[in-house]
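Each chain is listed here by its residues.
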Amino acid sequence: MQNMKKRGIVCVILCLLLVIQLFPQAVLGENTGEDADMSVTNGSHTIEAQSSLLGSEQLIENAESVILYDIASDTMIYSWNPDQQISPGSFAKIVTLWIAAEEGKLSDVVEIRNEVIATIPKDAVSMDLQPSEILTLEDLLYGMMVGSANDAAAVIADHLAGSQAAFADKMNQYAQRAGCTNTNFANSHGLKAENQYTTPRDVTRIIAAAAQNEVFRQIFGAVYYRIEDEQGNTLRVLNSYNNLMNVESVYYDSRVTGGRTSTSSDGKRSVASLAKEGNLEVISIISGSASQYEADGYTERTPGAYPETKQLLDLGLSGYKRVQVIYEGQVFKQVPVVNGDSDVLLGSSIAVSTVLPQAVSDGQLTYRYLDVSDQVTAPIEKGQVLSKVQIWYQGVCLAEAQLRAMNSVPVMESKIALRQEKSWTNTLKYVFPVLAALILIVVIIRSGIPGAIFHRIRRKIRGVSAQKRSRRNRMNRRRSR
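Residues numbered from 1 in each chain as written. Predicted model: local features only at pLDDT ≥ 70, side-chain atom pairs only at ≥ 80, totals over all residues. Heavy atoms only, no water.

### Some words on the overall build of the protein
In terms of helices and strands, the protein carries 11 helices and 18 strands. Across the 481 residues in the protein, those meeting the buried criterion constitute 43%. Taking all contacts inside the protein whose residues are at least 6 apart in sequence as the whole, residues at least 24 apart take part in 64%. When the accessible area of the protein is evaluated, it comes to approximately 26,500 Å², of which 51% is carbon and sulfur surface. (Helix = DSSP H or I, 4+ residues; strand = E, 2+ residues; numbered from the N terminus. Buried < 20%, exposed > 50% of the residue type's maximum accessible area, 1.4 Å probe, protein only. Contact = heavy atoms within 4.5 Å. Areas by Shrake-Rupley, 256 points an atom, 1.4 Å probe, with all protein chains shown as cover.)

Set out below in structure tokens:
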């Protein structure tokens, strides 16, 4: 009886273990999110970039600051000391041209006032404007940009704002509009004045914003202009001082489509240029480049900034291309949504381009995802920002875009309940037969049936054994006769 109880207990334990195995086991989630990486500002994308596609080594020796920036893709191809504070010099004329292109009319008739031109030093570059002389605003703008005339800049400011101070306020408003962070103007021409400064990066911002205006582009790219009176008589002939744009200069560069030179008080030259090659249109800045002189100390052997600009354009244009690496509506990931009725598609709502060497293919780019949230849970609204994607090439972040939900994912409570009910149904489908078997086993053990069956089988076996012995004995007696 005791042995029967032990056997029953063992059967019960085995049945319980079988039942336990039927219940679902908890599964620990795996953290598959990407680790956050460096900010895109450490890469080459945007005007704020702290490094560049061509690295951070000094590639142009005869310059204090250098920038090469692609406008359309917002890519810093190369920069060296771009935030150095400098005197704007004639770079101020770029802002004066921009304001006039936006707010003035080229056909406006302007009478020259003596009190305005009298503010210009006698040794400053001018177009020799005379009191009571009448010119159009267009004539004055070409005189300021092609001839670098400071008296023309002063007259333009007086015409558009009424005074140099009022126009300087307007210049600073335009600088803020361009995103400048370290710039202040005090006059329209850039001649030395207190509290007047800028940086190569801010000059780049100004040109990028101003270049959206076609009148600005036209005058910024001019190398020759003739001023005529009403009878068509030539009053003045203007030729550009910019040797990069003058076809007769040995430093002429056909890639340069516009520019402005500036000379500092220590004689160093700076050049800001628009240039184009292939599908790239760039702004190049060479600031603080010293000319090389002959032994007499007067004759210029190698002018500053011109050969350096050509070198910079060779480095950053030849062999490079602008490519679109992110497309509007492009889907990057499909992500499961907790408690949602479907997955969510993550895509970009903007298009992003960058600059790459001609030979580089998509397979050489690295895509890194920076998840904004650790878990995506319903409800998800279409357009909701859920992640970011960065595109890298050789350790430089080229582009970044937010990834938004391309579809809405609502909470499906009925589906959750149905899933739970189905889970329990599946579990009970296996549990009921096992429990029934377990109960049957317990009933059989407690009823004593297993013992009776055991004794009956044992008696049967003993009877069969006795019959076999009796048969062998009879056979042995017969043989002995």
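Resuming the write-up.
### With respect to helix α9 (residues 306–317)
Helix length check: α9, at 12 residues, gives a terminal C-alpha distance of 16 Å against a target of 16 Å (1.5 Å per residue), a fit within 8%. Every buried residue belonging to α9 is among Y306, E308, T309, L312, L313, G316 and L317, and all of these are buried. Looking straight down α9, one finds its buried side chains confined to an arc of 155 degrees; they lie on one side. Those residues of α9 that are buried lie in contact with β1 (65–70), β2 (75–80), β7 (256–263), β8 (269–277), β9 (280–289) and β12 (320–326). (Expected span 1.5 Å × (residues − 1). Arc of directions from axis to C-beta.)

### Concerning a nonpolar patch on the surface
The grouping of V223, Y224 and V237 at the surface amounts to a nonpolar patch, some 260 Å² of accessible area in total. Here V237 lies in strand β6 (residues 234–239). (Patch = residues over 30% accessible without salt bridge, like charges linked within 9 Å, V, L, I, M, F, W, Y side chains within 5 Å. Salt bridge = Lys/Arg side-chain N within 4 Å of Asp/Glu carboxyl O.)

### Some details on the packing of helix α2 (residues 92–103) against helix α4 (residues 137–145)
Relative to each other, α2 and α4 sit at 160 degrees, their axes nearing to 10 Å. With respect to α4, the element α2 is oriented roughly antiparallel. Between α2 and α4 lies a crossing of left-handed hand. From α2, K93, T96, L97 and A100 reach across to α4, where they touch L141, M144 and M145. (Axes fitted to C-alpha atoms, helices over the stretch in contact; angles between N-to-C directions. Parallel < 35°, antiparallel > 145°, perpendicular 65-115°, else oblique. Left-handed = near helix turned anticlockwise from the far one by under 90°.)

### Here we look at the packing of aromatic side chains
A complete count under the given rule lists five aromatic pairs for this structure. Both rings, one in F216 and one in F220, keep their centres 5.0 Å apart while their planes meet at 20 degrees; by these two values the pair is stacked. Of this pair, F216 and F220 both sit in helix α8 (residues 214–220), separated by four residues, roughly a single helical turn. With respect to class, F216 is no different from F220; both count as buried. Between the NZ or CZ atom of K333 and the centre of the ring of Y369, over which it lies, the distance is 4.9 Å. Across from the ring centre of W392, 4.4 Å away, lies the NZ or CZ of R368, which sits over that ring. (Phe/Tyr/Trp six-rings, centres within 6.5 Å; stacked < 30°, edge-to-face > 60°. Lys NZ or Arg CZ within 6 Å of the ring centre and 35° of its normal.)

### Side note on the nonpolar core
Of all hydrophobic cores here, the largest spans 63 residues; its most connected members are L129, L140 and I207. Among the elements that take part in this core, α2 stands out by supplying eight residues, more than any other. Here I207 is in contact with I94, F220, A272, L274, I283 and I285, once residues within four sequence places are set aside. Within the second largest apolar cluster, 50 residues are counted, among which are V282, L365, I380 and A399. (Core = buried A, V, L, I, M, F, W, Y, C linked by side-chain atoms within 4.5 Å.)

### With respect to unusual backbone geometry
Residue A378 is joined to P379 through a cis peptide bond whose omega torsion reads 5 degrees. By secondary structure assignment, the location of P379 is in the loop between β16 (366–371) and β17 (385–393). Of note in the backbone geometry, T46 takes a positive phi value of approximately 80 degrees without being a glycine. With respect to the element layout, T46 can be found in the loop between α1 (2–21) and β1. Positive phi values are uncommon outside glycine, yet D128 reaches one of about 60 degrees. Topologically, D128 is positioned in the loop between α3 (114–117) and β4 (134–136). A relative accessible area of 51% means that D128 is categorised as exposed.

### Concerning the pairing of β9
The buried fraction of β9 amounts to 10 of the 10 residues, a majority that puts the element mostly inside the structure. Relative to β9, β8 runs antiparallel, the two sharing eight bridges. Considered in β9, the bridge of A275 is made with V282. (Pairing = 2+ DSSP bridges.)

### Looking at the packing of α2 against helix α6 (residues 164–177)
Their axes nearest at 10 Å, the elements α2 and α6 cross at an angle of 90 degrees. Relative to α6, the element α2 lies roughly perpendicular. Contact with α2, carried on its side by A92, V95, T96, W98, I99, E102 and E103, involves F167, K170, M171, Y174 and R177 of α6 and no other residues of that element. Among the residues forming the contact of α2 with α6, the class breakdown is seven nonpolar, one polar and four charged. (Nonpolar A, V, L, I, M, F, W, Y, C, P; charged D, E, K, R; others polar.)

### Let's talk about the sheet that holds β2
Within a sheet, neighbouring strands are paired by backbone hydrogen bonds and run either parallel or antiparallel to one another. Taken in spatial order, the five strands of this open sheet run β2-β1-β9-β8-β7, and their pairing is antiparallel. Every interior strand has two partners, whereas the edge strands, β2 and β7, have only one. Averaged over all adjacent pairs, the angle separating strand axes in this sheet is 10 degrees, with direction ignored. The strands touched by α9 are β1, β2, β7, β8 and β9; relative to β9, the strand with the most contacts, the crossing angle is about 145 degrees.

### Regarding the side chain of N242
Here N242 lies in the loop between β6 and β7. The residues contacting N242, other than those within four sequence positions of it, are G259, R260, T261, V271 and Y306.

### Section: the pattern of salt bridges
Scanning the model with the defined rule gives 18 salt bridges in all. Here R322 ties to D70 by a salt bridge, and the two come within 3.0 Å at their closest N and O atoms. Taken as a pair, R322 in strand β12 and D70 in strand β1 lie far apart in primary sequence, 252 residues in all. Counted as one network, the salt bridges with shared partners bring together D253, R255, K310 and D314.

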